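Remarks on the overall topology
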Amino acid sequence: MKSISVIGSGTMGNGIAHVFAQHGFHVSLVDIKPEFLEKALATISKNMDRQVGKGLLTEVEKEASLARISTFTELEKGVVQADLVVEAATENLELKLDIFRKLDQFAPAGAILASNTSSISITKIAAVTQRPGQVIGMHFMNPVPVMKLVEVIRGYATSEEVTKSIMELSQTLFKDPVEVNDYPGFVANRILMPMINEAIYSVFEGVAGVVEIDTVMKLGMAHPMGPLQLADFIGLDVCLSILRVLQEGFGNPKYAPCPLLVNMVEAGFKGVKTGEGFYRYSPGSKDLVVSARFAKN
């Protein structure tokens, strides 16, 4: 594989484009608006500057990597030469199904179609294409340039050849791929989201405060980040979407999202992306300040 198309230039999409370009692949980054793509390129450049500052990348390598990224606002033009397409759009089933119908139409017949979905069924996505054997999950972790794991999700019809190819490709990116089967939440979020939900319930029921809960998990369980801070980082709306996928997929009430989480998302408090969730986030500041709604008197 030499030519990679990435659909969606948000946090995950620009991170995926960054990693592929850094490792010598030609990347077509696709989004619906030029300003989204401009912002993505600026983010990639800034993140590569950090790598240069840490001695992980030279200035020459940075410029060469950026030169390997082309941007497109038309899906057809962005995937016409792709060997692999990685969809990294919003975690919305209907949106993803619509994208994959179009990818099946526009991408070369031999191209592999991958989704970066964190919970939606690869089998269901593959079923809207004429190439279900070539559809697979390629779930990167955030931040993509830093995190080593790639959860490789094999749909019901995904071929052995395609699975092996994506496992090997992930290793060329200096990632550690783990193959899993296609069930709701896969492995990462099937385990993580109930923990986050339980942490939110602990706030909701007054068991402890936000800082106390995160401190227990950081110091007691050696987690680098507490579950409430992590939920803010992921996006509370994304956490809610994944929990609903788990609840619907398994038909088990244990996955029902906490009412507090539902209310926060409906009120627009989605974490880092909106400036406030369980904590408040100020541009340029790394200080962790508990939201006034959860601060102790």
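The rules we used
- Residues numbered from 1 in each chain as written.
- Predicted model: local features only at pLDDT ≥ 70, side-chain atom pairs only at ≥ 80, totals over all residues.
- Heavy atoms only, no water.
- Helix = DSSP H or I, 4+ residues; strand = E, 2+ residues; numbered from the N terminus.
- Buried < 20%, exposed > 50% of the residue type's maximum accessible area, 1.4 Å probe, protein only.
- UniProt positions renumbered as here; feature names shortened; annotations may be inferred.
- Phe/Tyr/Trp six-rings, centres within 6.5 Å; stacked < 30°, edge-to-face > 60°.
- Contact = heavy atoms within 4.5 Å.
- Disulfide = S-S within 2.5 Å.
- Core = buried A, V, L, I, M, F, W, Y, C linked by side-chain atoms within 4.5 Å.
- Pairing = 2+ DSSP bridges.
- Axes fitted to C-alpha atoms, helices over the stretch in contact; angles between N-to-C directions.

**A closer look at the environment of valine 207**
Note that valine 207 resides in the loop between helix H8 (188-204) and helix H9 (210-221). Using a relative accessible area of 59% as the deciding quantity, one classes valine 207 as exposed. Separated by 134 residues in the primary sequence, valine 207 and threonine 73 have C-alpha atoms spaced 48 Å apart.

**Focus: the UniProt feature "domain: 3-hydroxyacyl-CoA dehydrogenase NAD binding" (unreviewed entry) in the protein chain**
Annotation from UniProt places "domain: 3-hydroxyacyl-CoA dehydrogenase NAD binding" (unreviewed entry) at residues 4-182. This span, residues 4-182, is 44% helix and 22% strand, and a straight line between its end C-alpha atoms measures 24 Å.

**Quick notes on the packing of aromatic side chains**
Enumeration over the complete set of coordinates arrives at 5 aromatic pairs. Considering the side-chain rings of phenylalanine 20 and phenylalanine 25, the 5.3 Å spacing of their centres and the 90 degrees angle between planes classify their relative orientation as edge-to-face. The pair phenylalanine 20 / phenylalanine 25 is uniform in exposure class, with both members buried. Residue classification places phenylalanine 20 among the buried positions, given a relative accessible area of 0%. Ring pairing ties together the aromatic residues Phe20, Phe25 and Phe140, which thus form one cluster.

**Examining the side chain of serine 202**
Within the fold, serine 202 resides in helix H8. When near neighbours in sequence (up to four residues on either side) are disregarded, serine 202 contacts Val207, Ala208 and Ile213.

**Some remarks on the state of the cysteines**
Inspection of every chain in the model, using the stated rule, returns 0 disulfides. Looking at the unpaired cysteine 258, the closest cysteine sulfur is the one in cysteine 239, lying at 12 Å. Judged by its relative accessible area of 0%, cysteine 258 is buried.

**A few points about the UniProt feature "domain: 3-hydroxyacyl-CoA dehydrogenase C-terminal" (unreviewed entry) in the protein chain**
Cross-referencing UniProt, the feature "domain: 3-hydroxyacyl-CoA dehydrogenase C-terminal" (unreviewed entry) maps to residues 185-281 in the present numbering. Span residues 185-281 is 62% helix and 2% strand, its end C-alpha atoms 28 Å apart.

**Digging into the nonpolar core**
Counting residues in each nonpolar core, the largest one holds 33 residues, and the members touching the most others are Ile16, Phe20, Leu84, Val86, Met138, Phe140 and Ile166. With 6 residues, helix H1 (residues 11-22) is the single largest residue contributor to this core. Apart from residues lying up to four places away in sequence, leucine 84 is in contact with Met1, Ser3, Ile4, Ser5, Phe20, Ile112, Ala114, Met138, Ile166 and Leu169. Among the nonpolar cores identified, the runner-up in size contains 26 residues, and Ile196, Cys239, Leu243 and Val262 belong to it.

**Remarks on the sheet that holds strand E7 (residues 149-154)**
By definition, the strands of a sheet pair up through backbone hydrogen bonds, in either a parallel or an antiparallel sense. Overall, mixed pairing links the 8 strands, which are arranged E3-E2-E1-E4-E5-E6-E7-E8 in an open sheet. The two strands at the open ends of the sheet, each matched to only one other strand, are strand E3 (69-72) and strand E8 (176-181). This sheet shows a mean twist of 25 degrees between the axes of neighbouring strands, independent of strand direction. Inspection of the sheet shows strand E4 (residues 84-87) paired to strand E5 (residues 112-115) by 4 bridges, in the parallel sense. Bridge pairing in E5 places valine 86 opposite alanine 114. Together, strand E1 (3-7), E4, E5 and strand E6 (135-140) form the strand contacts of helix H5 (residues 93-106), whose direction differs from that of E5 by roughly 165 degrees.

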